[in-house]
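Chain by chain, the residues:
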Amino acid sequence: MSNTISSEEILSLLKQEIQNYEMKTEVSETGHIIRAGDGIATVYGIENAMYGEMVEFETGVKGIVQSLEEKTAGCVILGSEEGLVEGTLVKRTAKAAGVPVGENYLGRVVDALGNPIDGKGSIQASEYRPLEQEAPSVITRQPVTTPMETGILAIDAMFPIGRGQRELIIGDRQTGKTAIAVDTILNQKGNGVICVYVAIGQKTSTVAQIASNLEKRGAMEYTIIVSAPASDTASLQYIAPYAGAAMAEYFMYKGKDVLIVYDDLSKHAVAYRAMSLLLHRPPGREAYPGDVFYLHSRLLERAGRLDQEHGGGSITALPIIETLAGDVAAYIPTNVISITDGQIFLESELFFSGVRPAVNVGLSVSRVGGAAQTKAMKKVASSLRIDLAQFREMQAFTQFSSDLDASTKTMLEHGVRLVELLKQPLYHPLSLHRKIVALYAANKRCFMSVAESEVKQQQEELFLFAETNYAALMKKIDTEKTLSDEMLEQLDEMLQKFQGR
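First, a word on what this report is: a plain description of the structure on this page. (Residues numbered from 1 in each chain as written. Predicted model: local features only at pLDDT ≥ 70, side-chain atom pairs only at ≥ 80, totals over all residues. Heavy atoms only, no water.)

1. Overview of the pairing of strand β4 (residues 62-68)
Within β4, five of the seven residues are buried, leaving the element largely enclosed by the surrounding structure. Strand direction decides the pairing type here: strand β3 (residues 53-57) and β4, joined by three bridges, are antiparallel. Looking across to β4, one finds that M54 is bridged to I64. Once β3 ends, the chain turns through four residues before running back antiparallel as β4, passing G60 with a positive phi of about 100 degrees. (Buried < 20%, exposed > 50% of the residue type's maximum accessible area, 1.4 Å probe, protein only. Helix = DSSP H or I, 4+ residues; strand = E, 2+ residues; numbered from the N terminus. Pairing = 2+ DSSP bridges.)

Given below as structure tokens:
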């Protein structure tokens, strides 16, 4: 038996190969680096590149075009600078810088480019969305009317947040800003809300701790964490919130409600300033570039609530800003205050005196207000803010006076108990019925008979009593979110029985 192949067989194989041959030509515009360093590469030869376009260096690292000169383009490097020297080839992708998105990202911790960093393997993306996306137009939006409950009594009662709102959390460092955001994420369990937490310039240990706490409490299954820690380059810290917004938009355009936390935008502005100065952009006030307002406005405008024609989805944004010595009139804080629909101001003095969450009632506001509050909450919380404001004023006025009339004493005692009532431990968001019961009892002056130090204990006992003996009523409050006359009568009866135990 011969192993030789006949010439006819060779000819037929060659003919087959020639017939099946497809000529593939790929044309790509390439340039080369003329200068690189500090996370910035100046590239010559990509004349047709667009602002915000993704480019690829021959080392495999990607970059984004951020400035266009007459002959050169300034690109920020998204990754390691190793091997990027003068003469390194740079290829245009003709694609806007973007990030992979999809359902599979839920429960994962990713970097600013969408790469997993939690050691749980690769992620199968559904699609690729650009980092920069035009915000929904006024015509496609609808008013903010559905509550986005934080589970924090002080906020839900006085500064309600609605789905599609942008509520700023502002305060000095170590005043509990992140705690409010994390509690809000925990409170979305079972509400069908997708959460995205963007950590910008945070310590890696802090992000790991937040991920661990969310995992422990079953909140990671509906949460994505996008992390650009302090060890990352300024360019990665700059794109992180846009990557988070792109991931949130994927769900919003599918008709889902999304909560996104930007922690924090002060560090984001600092990263952008570093990047802009390296790109030789002219500095403005506090050395920030002139377009630093636009940096945050184009990000936060992407939050909103779409009308039913466009799916009815929403993005609720909770940007965080860190102030220095309580200075809310600084450049970045005033910028973000003017973009958002209200702010929750956290005060160091209150925090260190044990009032936590340390919400300053006078400086905090929600510009959506009662429109995003349930009818039940509106009914029981209407006088809370005025009562607290009067108490603070009277407290300051009477601190040097010893001779007080009975009505002033009553007001002060009621105020002290209200402050105690609004204190809430970390990772303990309250359900709607618990918030209603606590405020209704406070309005009926049920805590006046107990000492200030026993208010929290009395409150817990009241919750337990209500949930044990009036479970049907509690369930009705949670589902109907209103307080009918019949329900109010039942609440009165419950308080009488509780006090007459």
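2. Digging into the packing of helix α14 (residues 455-469) against helix α16 (residues 485-499)
Two quantities define a packed helix pair, namely the angle between the helix axes and the distance between the axes. Interaxial distance between α14 and α16 falls to 11 Å at its minimum, and their mutual angle equals 120 degrees. Looking at the two axes, α14 sits oblique to α16. Judged by the twist between their axes, the crossing of α14 over α16 is right-handed. Residue-level inspection shows Q458, E461, L462, F465 and A466 of α14 in contact with α16, the latter providing M494, L495, K497 and F498. In the contact of α14 with α16, the residues fall into six nonpolar, one polar and two charged. (Axes fitted to C-alpha atoms, helices over the stretch in contact; angles between N-to-C directions. Parallel < 35°, antiparallel > 145°, perpendicular 65-115°, else oblique. Left-handed = near helix turned anticlockwise from the far one by under 90°. Contact = heavy atoms within 4.5 Å. Nonpolar A, V, L, I, M, F, W, Y, C, P; charged D, E, K, R; others polar.)

3. A short note on the pairing of strand β5 (residues 72-78)
In terms of burial, β5 is largely enclosed, as seven of its seven residues are buried. Side chains of β5 alternate between two faces, with T72, G74, V76 and L78 and A73, C75 and I77 buried alike. Relative to β5, strand β2 (residues 40-44) runs antiparallel, the two being bridged by five bridges. Counted as the bridge partner of T42 is G74 from β5.

4. Digging into the packing of aromatic side chains
As enumerated under the stated definition, the model contains six aromatic pairs in all. Relative to F352, the ring of F351 lies with its centre 5.5 Å away and its plane at 85 degrees, an arrangement referred to as edge-to-face. Look at F352 and you get exposed, because its relative accessible area is 60%. By the ring-pair criterion, three or more aromatic residues cluster together here, those being Y238, Y242 and Y272. Lying across the ring of Y288, R273 places its NZ or CZ 4.3 Å from the centre. Above the plane of the ring of F351 lies R356, whose end atom (NZ or CZ) is 4.0 Å from the centre. (Phe/Tyr/Trp six-rings, centres within 6.5 Å; stacked < 30°, edge-to-face > 60°. Lys NZ or Arg CZ within 6 Å of the ring centre and 35° of its normal.)

5. Remarks on empty space enclosed by the protein
Tallying each qualifying case throughout the model produces four cavities of 30 Å³ or more. Reported here for the largest cavity is a volume of approximately 110 Å³. Lining the largest cavity we find A154, M158, V355, R356, P357, V359, V361, L388, R392, V419, L422 and K423. Elements with a contribution of two residues or more to the lining of the largest cavity: α2 (153-158), α11 (384-398) and α12 (406-422). Taken together, the residues of the lining of the largest cavity sort by class into nine nonpolar, no polar and three charged. Volume-wise, the second largest cavity comes out at about 70 Å³. If you go around the second largest cavity, the residues you meet are P147, M148, E149, D156, P160, I161, A372, Q373, T374, M377, L432 and K435. Broken down by class, the residue content of the lining of the second largest cavity amounts to seven nonpolar, two polar and three charged. (1 Å grid on protein atoms, 1.4 Å probe; cavity = no way out; pocket = protein on both sides within 12 Å on 5 of 7 lines; lining within 4 Å. Points joined across faces, edges and corners; volume = space filled by probe spheres on them.)

6. Details of the nonpolar core
In this structure, M158, I185, L214, M474, L483, L491 and M494 are the most contacted members of the largest nonpolar core, which totals 80 residues. The biggest single contributor to this core is helix α13 (residues 432-443), with eight residues. The contact partners of M474, leaving out residues within four places of it in the chain, are H433, V437, A466, E467, L491 and M494. Counting residues in each nonpolar core, the second largest holds 60 residues, with V76, V101, A112 and F251 among its members. (Core = buried A, V, L, I, M, F, W, Y, C linked by side-chain atoms within 4.5 Å.)

7. Observations concerning the layout of surface pockets
Over the atoms a probe the size of a water molecule is rolled, and this reveals where empty space is left. For the largest pocket, the calculated volume is near 860 Å³. Q174, G176, K177, T178 and A179 are, among the 32 residues lining the largest pocket, the residues nearest its centre. In terms of residue count, helix α3 (residues 177-187) provides more of the lining of the largest pocket than any other element does, six residues in total. Looking at side-chain class alone, the lining of the largest pocket contains 13 nonpolar, ten polar and nine charged residues.

8. Remarks on the environment of L430
As for its position among the elements, L430 is in the loop between α12 and α13. L430 sits 243 residues away from N187 along the chain, and the two C-alpha atoms are 7.8 Å apart.

9. Details of α12
In an α-helix there are 3.6 residues to a turn, and that puts residues three or four apart on one side. With 17 residues, α12 extends 24 Å between its outermost C-alpha atoms, agreeing within 8% with the 24 Å of an ideal straight helix rising 1.5 Å per residue. When α12 is considered as a whole, its buried residues turn out to be T408, L412, H414, G415, R417, L418, V419, E420, L421 and L422. Among the structural elements, α2, α11, α13 and α14 are those in contact with the buried residues of α12. (Expected span 1.5 Å × (residues − 1).)

10. Observations concerning α11
Compared with an ideal rise of 1.5 Å per residue, which puts 15 residues at 21 Å, α11 spans 21 Å between its outermost C-alpha atoms and is within 8% of the ideal. Turning to α11, its buried residues are L384, D387, L388, F391 and T398. What you see down the axis of α11 is that its buried residues fit within an arc of 110 degrees, all on one side. Of the residues in α11, the exposed ones pointing more than 90 degrees away from the buried face are I386, E393 and F397. (Arc of directions from axis to C-beta.)

11. Details of the pattern of salt bridges
Applying the stated criterion to the full structure yields 21 salt bridges. With a shortest N-O distance of 3.9 Å, E301 and R141 are connected by a salt bridge. In this pair, E301 is assigned in the loop between α7 (292-300) and β14 (304-305) and R141 in the loop between β9 (127-130) and α2, connecting sequence segments 160 residues apart. When its relative accessible area of 23% is taken as the criterion, R141 is described as partly exposed. (Salt bridge = Lys/Arg side-chain N within 4 Å of Asp/Glu carboxyl O.)

12. Focus: the side chain of D341
For D341, the location among the structural elements is in the loop between α8 (331-339) and β16 (342-346). Setting aside residues up to four positions removed in sequence, D341 forms contacts with Q165, R166, E167, S366, R367 and V368.

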